[in-house]
Amino acid sequence: MSKTLILGVALWVCAASGWAADAVYNTSGSLPILEPTLDRRTIKVPDIDTENFEVGVFIGVLSVEDFGSSMLRGARVGIHATQDFFLEGAFGQATVSDESFKTAGLSPFGAAGNHLLDYYNVVIGYNLFPGQIFWGESRAWTSAAYVVAGVGNSHLANDDYFTMVFGMGLRAQPTDWLAVRVEARGHEMETNLLGRQKMGHNFEANFSVGVFF
Amino acid sequence: MAAETGHAMISRPFVPALGLLLGMLGAGLCQAVPAAPSGTFAHVAIANDFVEIHAGPGRGYPVFHVAEKNAELYVLREKVNWYKVQTLKGIEGWIAGTDLASARVLDGGRSLSFGQLETAEQARRRAEVGFFVGQFAGDSMLSAFVAYRFTRYFAVEVATAKAPGVYSASSYNRLGIRVHVVPNRQWSPYVVGAAGLFSTKPRSTLLDSDPANGVTSVFGGGVSYVAERGFDVRGAVLSHWLSGGNTTQFIEWQVGFAATF
């Protein structure tokens, strides 16, 4: 095929496309409406796995002012809102006895003797010192020391007492979803169990295990 | 002649060169991108010059690895706006959400950024939970609430409160509507209207009697401050009209925190 013939065919193709374009522009005398040929895709965003909630149980000791110490058990639920702050609600239970008063001939709880002290509180926590704990040469757990402060209610001997809570603890995470904690808290409780209104200080130390989900 | 011509056309250096080319092609095929781990949320490429990968989800955790520009990462899960990622070599760590916002999503050629994916994901999170401390009728009070924000302006709220005072312990449970007058601002004022049940019981050391119950109507307003993504500080003043015989008005003020997710 000669080069001249090939060049002629190519020029004809170009001209034909130009005529087609002219035809589109000249039909109505105004700018054409372009019909999209691509379908708009609906993008489905998958749910990302989040681990901002923590559920845990704890066991420890609660010392109630004027009434001695006893074993404490309870549960907590927390929401880790940011890398620094978390909100947490806790429910705990301990047995309070007035044995020490009975030896002096007094009986604040009457015939009942022992009473369950139930408390619940909500606190805000702040992660103070994030870092790592190293076990041996090849194992490291992420960790953080934290402080908490909040308010709650203590129920003892059929009455409720407004309670302020503050404390600090150390959290270590063997895995992303598991946390172990050692914590100490103080409960400032407005009480009148001994006949006069006063601010009692109850001290709590506990060990807890929690799961993130 | 033709066979001799054919042999003459294939020169000696061409055969080893062709073999080397085939070998390189095979090696390239063997080093394919590793499969995404299970539960991968997105496959992205870094747009920043570099990003630091931390040992934990927070700026205080040590940096142990760095991913450079155009490095590919699998985003696995999220915690407090930090994302656990895995590099192509299997190294896992945490990256701040702000570092991923401009990362390119490598998935079927969609021109999306990770920030766009995250915005769509965040738009689905409208639940709130929080607690307040304050005073109700002069007694120290603790309250907690859960809410669902179904539009930018309106939220449905359920709250419970306890005010164990010196002479009596009061409590209420209420259901109401919260209207954000100016939504989507860092400082967002709101109005609350609610109704619920109220109960008060004298201290057993003073008077052993049954609790008195009634209905409470609540109206008031407050302001919400977005301290950080997903974490608000709020304060409000509410007026209670308690009806249980006579209608009595009490004032409640409260300050507290809320987590949104």
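One can find the structure itself at the top, above this paragraph.
Residues numbered from 1 in each chain as written. Chains lettered and ligands numbered in written order. Predicted model: local features only at pLDDT ≥ 70, side-chain atom pairs only at ≥ 80, totals over all residues. Heavy atoms only, no water.

Chemist: What is the right way to look at the pairing of strand β9 (residues 139-149) of chain B in this model?
Modeler: Consecutive side chains along a regular strand alternate between the two faces of the sheet. Residue and element names in this part refer to chain B. In the sheet, strand β8 (residues 127-136) pairs with β9 via 10 bridges, with the strands oriented antiparallel. When the bridges of β9 are listed, A127 appears paired with Y148. Remark: 2 residues form the turn of the hairpin made by β8 and β9, two consecutive strands paired antiparallel; A137 in that turn has positive phi of roughly 55 degrees. Two elements, β9 and strand β10 (residues 154-164), share 8 bridges in a ladder whose sense is antiparallel. The residue bridging L142 from the neighbouring strand is K162, located in β10. In textbook terms, the turn of a hairpin is the stretch between consecutive antiparallel strands, and for β9 and β10 this stretch comprises 4 residues. (Pairing = 2+ DSSP bridges. Helix = DSSP H or I, 4+ residues; strand = E, 2+ residues; numbered from the N terminus.)

Chemist: Sorry if this is basic, but what is going on with the interface of chain A and chain B here?
Modeler: A common way to express how large an interface is: the accessible area buried when the components associate. Listed by partner, the interface residues are 43 residues for chain A and 50 residues for chain B. Taken together, both faces of the contact between chain A and chain B bury some 4,100 Å²; the carbon and sulfur share is 60%. At the surface where chain A touches chain B, the tally comes to 5 salt bridges. Linking D84 of chain A and R59 of chain B is a salt bridge whose minimum nitrogen-to-oxygen distance equals 3.1 Å. On the surface where chain A and chain B come into contact, there are 9 residue pairs in polar contact (both at pLDDT 80 or more). Among the secondary structure elements, those contributing two or more residues to the side of chain A that touches chain B are β1 (49-50), β3 (68-80), β4 (85-97), β5 (114-135), β6 (139-156) and β7 (159-175) of chain A. At 7 residues, the largest contribution of residues to the side of chain A that touches chain B is made by β5 of chain A. Looking at the side of chain A that touches chain B residue by residue, the classes come out as 20 nonpolar, 15 polar and 8 charged. (Contact = heavy atoms within 4.5 Å. Buried area = accessible area lost by both parts, 1.4 Å probe. Salt bridge = Lys/Arg side-chain N within 4 Å of Asp/Glu carboxyl O. Polar contact = N/O pair within 3.5 Å; in protein donor to acceptor, adjacent residues only side chain to side chain. Nonpolar A, V, L, I, M, F, W, Y, C, P; charged D, E, K, R; others polar.)

Chemist: For this particular structure, what's the right way to read a nonpolar patch on the surface?
Modeler: Residue and element names in this part refer to chain B. Together, V146, Y148, F150, Y153, F154, V156, V158, L175 and I177 make up an exposed nonpolar region whose accessible area comes to about 770 Å². For the nonpolar patch, the secondary-structure elements that each account for two or more residues are β9, β10 and β11 (168-180). In terms of residue count, the dominant contributor to the nonpolar patch is β10 (3 residues). Mapped onto the elements of the fold, V156 is located in strand β10. (Patch = residues over 30% accessible without salt bridge, like charges linked within 9 Å, V, L, I, M, F, W, Y side chains within 5 Å. Areas by Shrake-Rupley, 256 points an atom, 1.4 Å probe, with all protein chains shown as cover.)

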